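What follows is each chain in one-letter form.
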Amino acid sequence: MTALDQLRAELVTPQGRKPLRALAASGQLGYGVPDAAFQAGLAQQPHFIGCDMGSVDPGPFYLGSGELATSIEVTRSDLRKVLCGARAIGVPLIIGTAGTAGAAPHLAQTLAMVRDIAQSENLHFRLASISADMPRDTLKAAVTAGRTRALGAIAPLTTTDIDEASHIVGQMGIEAFQRALEAGADVVIAGRACDTAVFAAIPAALGYPIGPAMHMAKIIECCSICTIPGGRDALLGTLDDEGFTIDSMNPIRQATPMSVAAHSLYEQGDPYRVYEPEGTLHTDGAQYTAIDDHRCRISGARWEPATQFTVKIEGATQVGERAVLLAGCGDPRAIAAMPEILTAVEAIVRELVAGSVSAPFQIYPKVYGIDGVINWPTPAPQQSREAFVMVEVIAATRADAKSVATVFKQYLLHHGFPGRISTGGNLAFPFTPPEVMAGTAYRFSAYHVVEVDALAPLFPIHIEDL
Amino acid sequence: MTTALIDIARVIRSKNAGPTTLTLDLLFNDAAGFDLARQSPALSAANIASLYRLAPSQVEIISYPPAQAIKIVLDRAIVAGTPGDRDVYGAQQHGPLLNLSL
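Residues numbered from 1 in each chain as written. Chains lettered and ligands numbered in written order. Predicted model: local features only at pLDDT ≥ 70, side-chain atom pairs only at ≥ 80, totals over all residues.

## What to know about the overall build of chain B
Per the secondary structure count, chain B includes 3 helices and 4 strands. Reading chain B from its N terminus to its C terminus gives the helix and strand order α-β-β-α-α-β-β. The C-alpha atoms of chain B give a radius of gyration of 13 Å, which matches the 13 Å a tight globule of 102 residues would have. For chain B, the C-alpha atoms occupy an extent of roughly 45 × 25 × 20 Å along the three principal directions. Across chain B, the fraction of contacts at a sequence separation of at least 24, relative to all contacts at a separation of at least 6, is 57%. (Helix = DSSP H or I, 4+ residues; strand = E, 2+ residues; numbered from the N terminus. Rg over C-alpha atoms; globule rule 2.2 N^0.38 Å. Contact = placed C-beta atoms within 7 Å.)

Structure, rendered in structure tokens:
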């Protein structure tokens, strides 16, 4: 009997479905899972445990390079905790967006850790992995057929974008997870996945109404961020045929109707709708009610099945090698003149290195204390007495990037400007060398929606018995 | 008489909603503050666009009564993490709202 069949036998009765308990153990596996709340969650005997392990938030580097944003040691420790916890109580463990970005190298590194842990902890289970790397030919055919659409402020997708990307992943929905569970998986490690699918797949497979199931998934995937005070502690969602209850496993964190409703705003462009491959979640009819000081009950979300399957894709492309110049400034006249100084120095540097550095290269100076963080609409009313200068250089090779940064450093240090009194140098270096090689730089080249005829061929499953 | 946004909002935050979109959430202390803000021209798409150096068509304002909140959705000028970006997570873009009078 599969783990899913066991849950079906336990929860689905001729009189209806019993309450299903879903434990969200981590909103970002690899940064440490708070132990007390996780153990309290296990004591609630959840029917499955879910973890999100990635996001598009940390930027294009991880998707592009195949590296994890989290430390290997902490990631391994978190994986050991949730694997041992799930196997100790004999329930499925579902992990979405393996290894930060969920492409093949992230999935492979995560699976290697899972296999090591299973061996060292003497755990035996059926492991399903689901890859999320999009077939390039399928994507190019979609571009040609006009079946792709930009998500927000990004250029339309081209076949060149698809060819040049280091990795392109698609966000899988509940369909892929359900296929893995039907194949008898006890543990599912997925590549790039919708956060919601991790938590909605089992409820939907057991026949719970998808609207509340998907709404619960959307809220619990970030763990206790939806509580006051917000935190990273494990969160229990208890679902029935009418709605669900949210209960933080840390007693100091209160899930109030206001705090849970406000969570619908977080990182969402539209607080009333969540778009999934198989349909759209509408939360405009949702009601949030306090059960007590600590728990909140939610009902009324509606699910609208899609007439056309869609997959959200993410692609990252290499743009060059990055060098960064880091320096401070404490001279009020230099700070006041810094925007003009930087423009002048950039022109000098471009001329000086023209013979030795292969073009094109990019220079992005920023002055912290003026507008390093925000592109302000108006100048500051008062100048700060110190500023920090950071110059980002992107060039074709590491050597080229270093050349540009070092020449920029020297000419910025000694640039003469009208009214200069501090002729010893314009910059304070906290250390040398002040130019730091920051590795390969990437950009997101795809953040689009693709119409597809079938989801299953895009997200193949691999089963292994450990 | 004008009211400072900072005096009636308990949360003024920014964050990406995906790498191409920035969202600013204003959570108010009470229904009175929420209603005042909803009707204020200071929180019109045109005014927010000028604060963020965008065209009004790149700005969307959404009221969210369940949380007594207003969401502002902006096109990012640079896709998150592309060289030249200032704020990969978009978590520090709320500054222009802090001196807003309603």
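## Side note on the sheet that holds strand S21 (residues 461-465) of chain A
Hydrogen bonds between backbone atoms are what pair the strands of a sheet, whose relative direction is either parallel or antiparallel. Residues and elements named next belong to chain A. Taken together, 10 strands build an open sheet; the order of strands is S14-S15-S11-S10-S3-S4-S5-S9-S6-S21 and the sheet is mixed. A single partner strand is all that each edge strand has here, and the edge strands are strand S14 (287-290) and S21. Put simply, the sheet's adjacent strands are angled 20 degrees from each other on average, direction ignored. In terms of strand pairing, strand S6 (residues 126-130) meets strand S9 (residues 187-190) through 4 bridges, oriented parallel. Bridge assignment links Leu 127 to a residue of S9, and that residue is Val 187. (Pairing = 2+ DSSP bridges. Axes fitted to C-alpha atoms, helices over the stretch in contact; angles between N-to-C directions.)

## Some remarks on the nonpolar core
Residues and elements named next belong to chain A. Ile 95, Phe 177, Val 188, Ala 190, Val 393 and Val 404 are the most contacted members of the largest nonpolar core, which has 167 residues in total. For this core, the two domains that each supply at least three residues are domain 1 (3-132 + 171-307) and domain 2 (318-444). Contacts of Phe 177, omitting those with residues within four sequence positions, involve Ile 94, Val 188, Ala 190, Ala 197 and Ala 201. (Core = buried A, V, L, I, M, F, W, Y, C linked by C-beta atoms within 7 Å. Buried ≥ 20, exposed ≤ 12 C-beta atoms within 10 Å, placed from the backbone. Domains from an automatic or database assignment.)

## Observations regarding the domain arrangement of chain A
Residue and element names in this part refer to chain A. With domains assigned, chain A is organised as domain 1 (3-132 + 171-307) and domain 2 (318-444). Computed over C-alpha atoms, the centres of domain 1 and domain 2 are 44 Å apart. With 4 residues of domain 1 in contact, the opposing surface of domain 2 contributes 5 residues. The class makeup of the residues in the side of domain 1 that touches domain 2 is 2 nonpolar, 2 polar and no charged. (Nonpolar A, V, L, I, M, F, W, Y, C, P; charged D, E, K, R; others polar.)

## A closer look at the sheet that holds strand S2 (residues 21-28) of chain B
Residues and elements named next belong to chain B. A sheet is described by the order of its strands in space; here 4 strands give the open sequence S1-S2-S4-S3, paired in antiparallel fashion. Both outer strands of the open sheet, strand S1 (9-16) and strand S3 (59-64), are each paired with one neighbouring strand and no more. Averaged over all neighbouring strand pairs, the angle between strand axes comes to 15 degrees, with direction disregarded. Strands S1, S2, S3 and strand S4 (69-75) of the sheet are contacted by helix H2 (residues 31-39), whose axis makes an angle of about 135 degrees with S2.

## As for the pairing of strand S12 (residues 273-276) of chain A
All names here are of chain A. Covered by surrounding structure in S12 are Val 274 and Glu 276 only, the residues Arg 273 and Tyr 275 on the alternate face being uncovered. As defined by bridge partners, S12 adjoins strand S13 (residues 279-282) across 4 bridges and the pair is classed as antiparallel. Paired with Val 274 across the strands is Leu 281, a residue of S13. Hairpin connection from S12 to S13: 2 residues lie between these consecutive antiparallel strands.

## Comments concerning helix H12 (residues 332-352) of chain A
Residue and element names in this part refer to chain A. Look at H12: 28 Å from first C-alpha to last across 21 residues, which is about the 30 Å you get at 1.5 Å a residue. Where H12 bends most, the angle comes to about 65 degrees, and this point is Met 338, followed within four residues by the proline Pro 339. Three or more residues of H12 are buried, namely Ala 334, Ile 335, Met 338, Ile 341, Val 345 and Val 349. In this structure, the buried residues of H12 make contact with strand S17 (310-329), strand S18 (362-368), strand S19 (387-395) and helix H13 (398-413). (Expected span 1.5 Å × (residues − 1). Bend = angle between axes of the 7 residues up to and from the residue.)

## Considering H2(B)
All names here are of chain B. Taken together, the buried positions of H2 are Gly 33, Phe 34 and Ala 37. Projection of H2 onto a plane perpendicular to its axis shows the buried side chains occupying an angular sector of 100 degrees, all on one side. Of the exposed residues in H2, those oriented more than 90 degrees away from the buried face are Ala 31, Ala 32 and Gln 39. Those residues of H2 hidden inside the fold are in contact with helix H1 (5-8), S1, S2 and S4. (Arc of directions from axis to C-beta.)

## Remarks on the interface of chain B and chain A
How big an interface is tends to be stated in terms of the accessible area lost upon association of its parts. Listed per partner, the contact involves 37 residues of chain B and 34 residues of chain A. Listed by contribution, the elements that provide at least two residues to the side of chain B that touches chain A are S1, S2, helix H3 (45-51), S3 and S4 of chain B. Its residues placed into classes, the side of chain B that touches chain A shows 17 nonpolar, 12 polar and 8 charged.

## With respect to the packing of helix H8 (residues 174-182) of chain A against helix H9 (residues 195-205) of chain A
All names here are of chain A. Across the interface, H8 lies against H9 with an axial gap of 8 Å and an inter-helix angle of 60 degrees. When the axes of H8 and H9 are compared, the pair comes out oblique. Between H8 and H9 the crossing geometry is right-handed. Residues Ile 174, Phe 177, Gln 178 and Leu 181 of H8 form the contact with H9, whose own contacting residues are Ala 197, Ala 200, Ala 201, Ile 202, Ala 204 and Ala 205. The residue inventory of the contact of H8 with H9, partitioned by class, reads 9 nonpolar, 1 polar and no charged. (Parallel < 35°, antiparallel > 145°, perpendicular 65-115°, else oblique. Left-handed = near helix turned anticlockwise from the far one by under 90°.)

## A few points about the pairing of strand S20 (residues 435-451) of chain A
Residue and element names in this part refer to chain A. Where strand S7 (residues 148-150) and S20 come together, 3 bridges link them in antiparallel fashion. Across the sheet, the residue bridging to Arg 149 is Val 449, located in S20. As defined by bridge partners, S17 adjoins S20 across 14 bridges and the pair is classed as antiparallel. Paired with Gly 315 across the two strands is Ala 446, which belongs to S20.

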